[in-house]
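# An overview of the molecular structure
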Amino acid sequence: MAQREAVFPADRHALYEAHGYSAAIRSGGLLFVSGQVGSRADGTPEPDFKRQVQLAFDNLQATLKAAGCGFDDIVDVTTFHTDPKNQFETIMAVKNQIFDRPPYPNWTAIGVNWLAGFDFEIKVIARIPEEA
């Protein structure tokens, strides 16, 4: 049975301790990343939506990096949106810069009515490279 190992980006550990969850869990050859939001350094939501989406991807990248992974290792994406119809174009612009060539990861987008003050959240499952 595979053991679970918590993974935290270097500069965000206190945020996860305060809320009682791990940034990611390494289990077997997979990394399960908790939902990442566009929070500023103090943990508050970035008010500019495009910047909030970019920060969510930046925070995701930091968590992936802490486990020895990158965007190319992502196999499954779930995103949460408070106003999908009006936000989709902005989200796609950022997403398409990150996932700019096939094979693209699986992606499920879900409309929600609350994200603790945020308007976008992304969680992923990534494969862990053998050398990590």
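Before any of the text, the structure's been laid out above.
A brief structural summary.

Our focus in this paragraph is the packing of aromatic side chains. For the coordinates displayed, the defined rule picks out 5 aromatic pairs. Consider the rings of F71 and F99, whose centres lie 6.1 Å apart with planes at 75 degrees: the pair is edge-to-face. Taken together, the residues F71 in the loop between α2 (49-66) and β4 (74-81) and F99 in the loop between α3 (84-98) and β5 (106-111) connect sequence positions 28 residues apart. Residue F71 is classed as buried on the basis of its relative accessible area of 16%. Taken together, the aromatic side chains of F57, F71, F99 and F120 make up a single cluster linked through ring pairs.

What follows deals with the sheet that holds strand β3 (residues 30-37). Reading across from one edge, β1-β2-β3-β6-β4-β5 is the order of the 6 strands in this open sheet, with mixed pairing throughout. Here the strands that pair on one side only, and so sit at the sheet edges, are β1 (4-7) and β5. Taking each pair of neighbouring strands and ignoring which way they run, the sheet shows an average axis angle of 15 degrees. Alignment of β4 against β5, held across 6 bridges, turns out to be parallel. Opposite T78, over in β5, you have T108 as the bridge partner.

Next up on the list: the nonpolar core. Ranked by size, the top nonpolar core spans 24 residues in total, and within it L31, F57, L60, L64 and I74 carry the most contacts. When residues of this core are traced back to their parent elements, those giving at least two are β3, α2, β4, α3 and β6 (120-127). Take this core: its biggest share by element is 6 residues, from α2. In this structure F57 touches F71, V94, K95, I98, F99, F120 and I122, once residues within four positions along its chain are discounted.

In the structure shown here, the tally under the stated rule is 5 salt bridges. One salt bridge in this structure joins E5 and R26, with 3.3 Å as the shortest N-O distance. Taken as a pair, E5 in strand β1 and R26 in strand β2 (residues 24-27) lie far apart in primary sequence, 21 residues in all. Put simply, D72, D100 and R101 are held in one network by salt bridges that share partners.

Turning to α2, a few remarks are in order. Its 18 residues give α2 an end-to-end C-alpha distance of 26 Å, which sits within 8% of 26 Å, the value for a rise of 1.5 Å per residue. Along α2, the residues that are buried comprise F49, Q52, V53, L55, A56, F57, N59, L60, T63 and L64.

The rules behind these values
- Residues numbered from 1 in each chain as written.
- Predicted model: local features only at pLDDT ≥ 70, side-chain atom pairs only at ≥ 80, totals over all residues.
- Heavy atoms only, no water.
- Phe/Tyr/Trp six-rings, centres within 6.5 Å; stacked < 30°, edge-to-face > 60°.
- Helix = DSSP H or I, 4+ residues; strand = E, 2+ residues; numbered from the N terminus.
- Buried < 20%, exposed > 50% of the residue type's maximum accessible area, 1.4 Å probe, protein only.
- Pairing = 2+ DSSP bridges.
- Axes fitted to C-alpha atoms, helices over the stretch in contact; angles between N-to-C directions.
- Core = buried A, V, L, I, M, F, W, Y, C linked by side-chain atoms within 4.5 Å.
- Contact = heavy atoms within 4.5 Å.
- Salt bridge = Lys/Arg side-chain N within 4 Å of Asp/Glu carboxyl O.
- Expected span 1.5 Å × (residues − 1).

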